[in-house]
Every structure is written in C-alpha cells, then in structure tokens.
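# Examination of the molecular architecture
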Amino acid sequence: SQQGEEDPQALSIQEGENATMNCSYKTSINNLQWYRQNSGRGLVHLILIRSNEREKHSGRLRVTLDTSKKSSSLLITASRAADTASYFCAGYTGANSKLTFGKGITLSVRP
Amino acid sequence: EPEVTQTPSHQVTQMGQEVILRCVPISNHLYFYWYRQILGQKVEFLVSFYNNEISEKSEIFDDQFSVERPDGSNFTLKIRSTKLEDSAMYFCASSPPGLAGRNEQFFGPGTRLTVL
C-alpha cells in the first residue's frame with residue numbers, strides 16, 4: 001500500500017498568504033514527518049508529529065494529525081518567496097525504521 | 001549545527017563500473033540509511049543500518065548494492081556494476097539513539113549519480 005499521498009500536487013500563492021498542504025496515508029503510522037526539498041537539493045527536516053499528538057507548531061509551521069482519518073496537514077503562515085520548494089510527508093510504519101515518502105507538493109510563492 | 005555530509009556531490013560513471021558513495025552521518029547518531037530519488041519521482045528507501053549490520057532493505061537493494069561503515073565516521077554505499085536505471089539522487093540519512101522508527105531522520109545534501 002502507498003504511504004503519504006499529498007495534495008494538492010502543486011500550489012501557487014502570493015507572498016504573505018498561508019499555504020496548506022495535506023497528506024493522507026493508508027496504513028497506521030508511528031509518527032509522521034514533513035520535509036522540504038529545494039530544487040535539486042537535499043531534504044530538510046521540518047517537523048515530526050507523533051501518533052499520540054494532534055497538533056504541533058514550529059515557527060511559522062503548524063502541523064496537524066488526524067489518525068482516525070489517516071491524514072495530516074502542514075500549514076505555512078505568512079509565506080515568503082524563500083518557502084518555494086517541494087514538500088513531502090513521510091511516515092514510519094510498524095516496527096521498521098524506514099520512512100515511506102509521498103510524491104510531494106510543489107509550492108510556489110510569488111513575490 | 002551538526003549535519004550529514006555526502007561526497008561527491010555529483011558522480012558520472014560508465015555503465016558496468018563500480019561506484020562508492022560516501023556519507024558522514026551526524027556523530028552521535030546510531031541509525032544510518034540510504035534512499036534514492038529518481039528524477040521527478042518519490043524518495044525511495046534502500047537500506048537501513050544499525051549496530052554494524054543491515055537492519056532492513058528494500059527490493060531495490062539487490063546483490064549489486066552493499067553498505068559499509070569502515071570506520072567510526074563514514075558510511076558508504078557501493079554499487080558494483082552500475083546500470084542506466086541507477087541514475088538518481090542518492091541520499092544518506094541518520095537518526096539519533098532511541099527506538100527505531102521513532103525519531104527524526106536527518107538527510108544529507110545528496111549525491112547525483114549519472115550512469116552513461
């Protein structure tokens with residue numbers, strides 16, 4: 001089964017607006033992580049939310065997790081042009097330690 | 001802030017050649033990983049490594065692949081006989097002590113492998 005399917009696949013907003021990205025998954029997870037990837041670059045860890053947490057904040061980032069709906073959302077408030085990147089959710093399942101990634105959302109923030 | 005480093009940033013090789021991709025994980029981390037990302041596709045897990053042995057590997061990680069931690073700092077991925085379809089960005093990651101599957105994984109900047 002696939003893990004971590006994000007939507008929308010592409011999002012374009014104006015600087016200063018909020019960006020909301022969603023992730024759904026099919027199997028139970030231990031925790032869910034969000035990463036950012038600038039074009040052709042590495043993955044930057046943004047935030048981890050555990051399965052017993054519902055919401056978490058880090059600076060301009062707010063992540064929610066709804067285990068009953070098997071979904072998570074990443075909200076970036078007051079977006080900046082520098083937030084332009086691809087965003088991925090990834091989860092651990094079961095007892096293993098591998099992360100399974102979604103396809104990613106391409107966020108474009110227009111100055 | 002400590003970070004995972006990878007060398008080289010870009011490797012070009014001929015089909016059938018052996019390549020070794022190198023990673024230096026964060027120093028107090030105990031779990032090490034390799035992932036790859038074919039252009040335009042998802043990041044895919046290859047292998048995890050803990051306590052000097054492979055703890056899990058994917059179906060992609062066949063006999064052509066091997067990993068090694070030759071000393072206390074480096075973690076390497078070897079591809080014995082590269083194929084065109086091995087062209088991808090390869091990411092190394094590490095995570096701190098604790099239960100496997102519970103902690104953040106920190107990724108390096110990647111090595112872009114191009115097989116001609």
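So, a few notes on the structure that sits alongside this text. (Residues numbered from 1 in each chain as written. Chains lettered and ligands numbered in written order. Predicted model: local features only at pLDDT ≥ 70, side-chain atom pairs only at ≥ 80, totals over all residues. Heavy atoms only, no water.)

## Quick look at the interface of chain B and chain A
As a measure of interface size, the accessible area lost when the parts come together is often cited. The interface of chain B with chain A comprises 22 residues on the first partner and 25 residues on the second. With both chains or domains summed, chain B and chain A bury close to 1,800 Å², and 51% of this area falls on carbon and sulfur atoms. The largest share of the area that chain B buries against chain A comes from Lys42, Arg102 and Phe107 of chain B, three residues that together contribute 30% of it. Between the two partners, chain B and chain A, sit zero salt bridges. For the interface between chain B and chain A, the tally reads four residue pairs in polar contact (both at pLDDT 80 or more). Elements with a minimum of two residues in the side of chain B that touches chain A: β4 (31-37), β5 (43-50), β6 (53-57), β9 (88-95) and β10 (106-107) of chain B. (Contact = heavy atoms within 4.5 Å. Buried area = accessible area lost by both parts, 1.4 Å probe. Salt bridge = Lys/Arg side-chain N within 4 Å of Asp/Glu carboxyl O. Polar contact = N/O pair within 3.5 Å; in protein donor to acceptor, adjacent residues only side chain to side chain. Helix = DSSP H or I, 4+ residues; strand = E, 2+ residues; numbered from the N terminus.)

## Here's the deal with unusual backbone geometry
Phi is mostly negative for residues that are not glycine, and the peptide bonds are mostly trans. Each neighbour pair has its own omega, and for threonine 7 of chain B with proline 8 of chain B the value is -10°, a cis peptide bond. With respect to the helices, strands and loops of the structure, proline 8 of chain B is situated in the loop between β1 (5-7) and β2 (10-13). In the Ramachandran plot, lysine 70 of chain A falls in the positive-phi region, its phi being about 50° despite a non-glycine side chain. When its relative accessible area of 26% is taken as the criterion, lysine 70 of chain A is described as partly exposed. Here the phi dihedral of alanine 78 of chain A falls at roughly 45°; this positive angle occurs in a residue that is not glycine. Mapped onto the secondary structure, alanine 78 of chain A falls in the loop between β8 (71-76) and β9 (85-92). (Buried < 20%, exposed > 50% of the residue type's maximum accessible area, 1.4 Å probe, protein only.)

## Comments concerning the pairing of β8 of chain A
All names here are of chain A. In terms of burial, β8 is a largely internal element, five of the six residues being buried. Note: strand β3 (residues 19-24) against β8, six bridges, orientation antiparallel. Along β8, the bridge assignment pairs threonine 20 with leucine 75. As paired strands, strand β7 (residues 61-66) and β8 are joined by six bridges and run antiparallel to one another. What sits directly across from leucine 65, in β8, is serine 72. Connecting β7 to the antiparallel partner β8 that follows it, the hairpin turn spans four residues, and lysine 70 within it adopts a positive phi of roughly 50°. (Pairing = 2+ DSSP bridges.)

## A word on the pattern of salt bridges
Residue and element names in this part refer to chain A. Applying the stated rule across the entire model yields four salt bridges over all chains. Two residues, lysine 56 and glutamate 53, come together in a salt bridge whose shortest N-O distance is 4.0 Å. Exposure remark for lysine 56: the relative accessible area of 29% places this residue in the partly exposed category.

## Here's the deal with the sheet that holds β1 of chain B
Residues and elements named next belong to chain B. Pairing is antiparallel in the open sheet, where four strands are placed in the order β1-β3-β8-β7. Edge strands, defined here as strands with exactly one partner in the open sheet, are β1 and β7 (65-68). Each strand axis lies, on average, 20° off the axis of its neighbour in the sheet, ignoring direction. Of the strand pairs in this sheet, β7 and strand β8 (residues 75-79) are connected by four bridges, and their pairing is antiparallel. Each residue of the ladder has a partner; that of valine 67, found in β8, is leucine 77. (Axes fitted to C-alpha atoms, helices over the stretch in contact; angles between N-to-C directions.)

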